[in-house]
Each structure stands twice: as C-alpha cells, then as structure tokens.
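# Structural features, examined
Now for the letters of each chain:
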Amino acid sequence: QHGSWGYTGDSGPSTWATNFPNFCNGQKQSPIDVSTKTATQKSFQPLNFKGFDTPPADAQMRIKNNGHAIQVDLLSKTGKTDNYQISGGGLPGTYNVLQFHFHWGSEHTINGKRYDAEMHVVTYNAKYPSASEAAKVSPDGFAVLSVLLEATSKTANPGMQNIVSQLSNVQNKGMNYTYPTSFSINSLFPADKANYWRYMGSLTTPKCNEVVVWTIFKTSLKISQAQANALKTSCYFNPAGDQEQQPLNNNYRPTQPLNGRTVFDSSN
Ligand code: SG4
Ligand code: ZN
C-alpha cells in the first residue's frame, strides 16, 4: 500500500500527514478557507494569459481519469512547452501550463462556503528545466489557477460541456481520450479574471509539495445542475473490472490551517 492514497477510509486525507510526512504535514498546506474580511488588499500588475483564447496550432488536448480526478493534459504535436503560459499578476516569473483538472466539491472554501466544484490549471515556472524539477523545493516552482464552479445556471455552460460530453470516455481509472479539435481554455473561465485571492501553499495531493503560488478567482463559473451531477456520477476511482466500483466523487482535501500566512486580495 506504500505510496497509495485516496479520498476515503484507510488512505484518506486524514492519513496523508502520517503516510507522506514530506510534505503533507507541513505548515504551508493547501487548500485553505479564505476569510475575505481578513485578506490583505494588494494591487498587482495585470495577469497575462497566452494561448487561452484560441488554441495554438499544434495544441492537442487529452482528457483522462487518473484515479484521483478528471484531467485534461495540454499536449503539443511538436513538443512545445510554451504553448500556454501565464505571467504578470505578481507571479514570480513566467509559467508553462501543463494541465487542468477538477475536484468536486471544491477544495478551497470562501468564508466557510464549499462550492460545487473547483478547476485547477496547473503551471510550472519556465525557469526550471521540467515540472519535476520545479516541484522539488522551490516556493516559486508552481502556480495553480483556481476557478470555483457553481451549479446555478439554468443552461449548460459551453466550456464545461467540452468536459461533460467526454466523461463516458474516461469512466474508469487509466482511460483517456484525445480530442479531435482543441477548445479554448478561456471558455472555462469567468469573464472577470482581474479579481482574485493570492497565497502561498502546496499541491493538494501527496506529496503535498509546498511549491505553489495560488490564485483563486473571485467570480465563480456558473454551470448547470445537470453538468454538476454528470461530474459526480459518471466516473470511478477504480480501473475497469474492479469488484467494488467506487464513484469518483468528493475528491477534495479538507481545508488546512493558515499558520500565519497572508492571503492577499487583488482588489485595488
Ligand atoms: C490532481 O490529482 C491532478 O490530477 C494531479 O495531476 C495533480 O498533481 C494533483 O491534483 C495536485 O494538484 O492543483 N490539486 S493540485 O494541487 O499536478 C500535480 C497529476 O497527477 C503534480 C499530473
Ligand atoms: Zn487540484
């Protein structure tokens, strides 16, 4: 069992600090509850997004079930690593986007409120030769963008429909599906990307490396109840043929203590 982890029972989040002392028992862990009243106002330069509007020509998107989440890997047919990038916004460098994935319910809570789901866009600092190098120790190694999802829309969200429509292709752990045509990442973002919360934390899964600059957008993305239900019921944690098919649901880590860290509020 060594090295395996999950969201329930014997391998659930309450066991991670013991089973992965480096780094799940650290002092700068994620997710957190954002208390909006105690956040510190700070004005940041504009955030820049490269490749988010229109997919780059050689982009290739692959959706997969990795047994922990549903994830879309951002690949390049010509081996480029800089197709999708973020910079500015007080980020300590330019970051290459690797993938995005979903947790449901949300991992971060806002004034104690848990949202229906949360999308994480995972990026690594382009000054490091690879994502695994960036994950080693550096607090500036990764930046993760977080979009909170709320099932309050009467109509299906078109961006989210790109995910929901392919869930049947990634029902079981290990399954993947390559999109014939890439779609705009921007379609999964709220219109307002200028207002967000910012703090220093960790990856939310073992080994919980404390290498992440977190950006949580204040405006949630509105999806339909049917889309939220599809996320919660279509996929499984286990490989095909497993005797005890466990629905892939509630794949979030509980919030972690702030331990004196500052949460910044991007409002000017
Ligand atoms: C999810 O399990 C992703 O599928 C993982 O991606 C990701 O790990 C992990 O979450 C932690 O990322 O934004 N929630 S998070 O802090 O990106 C990494 C993969 O397994 C290292 C590739
Ligand atoms: Zn995540």
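Residues numbered from 1 in each chain as written. Chains lettered and ligands numbered in written order. Predicted model: local features only at pLDDT ≥ 70, side-chain atom pairs only at ≥ 80, totals over all residues. Heavy atoms only, no water.

A few words on the pairing of strand β13 (residues 196–201). Most of β13 sits out of view: five of its six residues are buried. The pairing of β13 with strand β14 (residues 212–217) spans six bridges and is classified as antiparallel. Bridge pairing in β14 places Met-200 opposite Val-213. One ladder, built from two bridges, connects β13 with strand β16 (residues 264–265); its direction is antiparallel. Residue pairing across strands places Trp-197 opposite Asp-265, the latter belonging to β16. (Buried < 20%, exposed > 50% of the residue type's maximum accessible area, 1.4 Å probe, protein only. Helix = DSSP H or I, 4+ residues; strand = E, 2+ residues; numbered from the N terminus. Pairing = 2+ DSSP bridges.)

On to the coordination of the zinc ion (ligand 2), then. The zinc ion (ligand 2) binds to the protein through His-101 (NE2), His-103 (NE2) and His-120 (ND1), with metal-donor distances spanning 2.0 Å. In this structure, the zinc ion (ligand 2) is coordinated by four donor atoms arranged in tetrahedral fashion, with angles at the metal of 100 to 114°. For the zinc ion (ligand 2), the donor residues sit on a single chain with the sequence spacing H-x1-H-x16-H. Given a relative accessible area of 2%, His-103 falls into the buried group. (Donors = N, O, S within 2.8 Å, 3.2 Å for Na, K, Ca; no water. Tetrahedral: all angles 85-135°; square planar, octahedral: opposite > 155°, others 65-115°.)

Under the defined criterion, the tally for this structure stands at five salt bridges. Measuring nitrogen to oxygen at the nearest pair gives 2.9 Å for the salt bridge that ties Lys-64 to Asp-73. One salt bridge in this structure joins Asp-265 and Lys-218, with 2.7 Å as the shortest N-O distance. Of the two residues, Asp-265 sits in strand β16 while Lys-218 sits in the loop between β14 and β15 (221–224), which places them 47 residues apart along the sequence. (Salt bridge = Lys/Arg side-chain N within 4 Å of Asp/Glu carboxyl O.)

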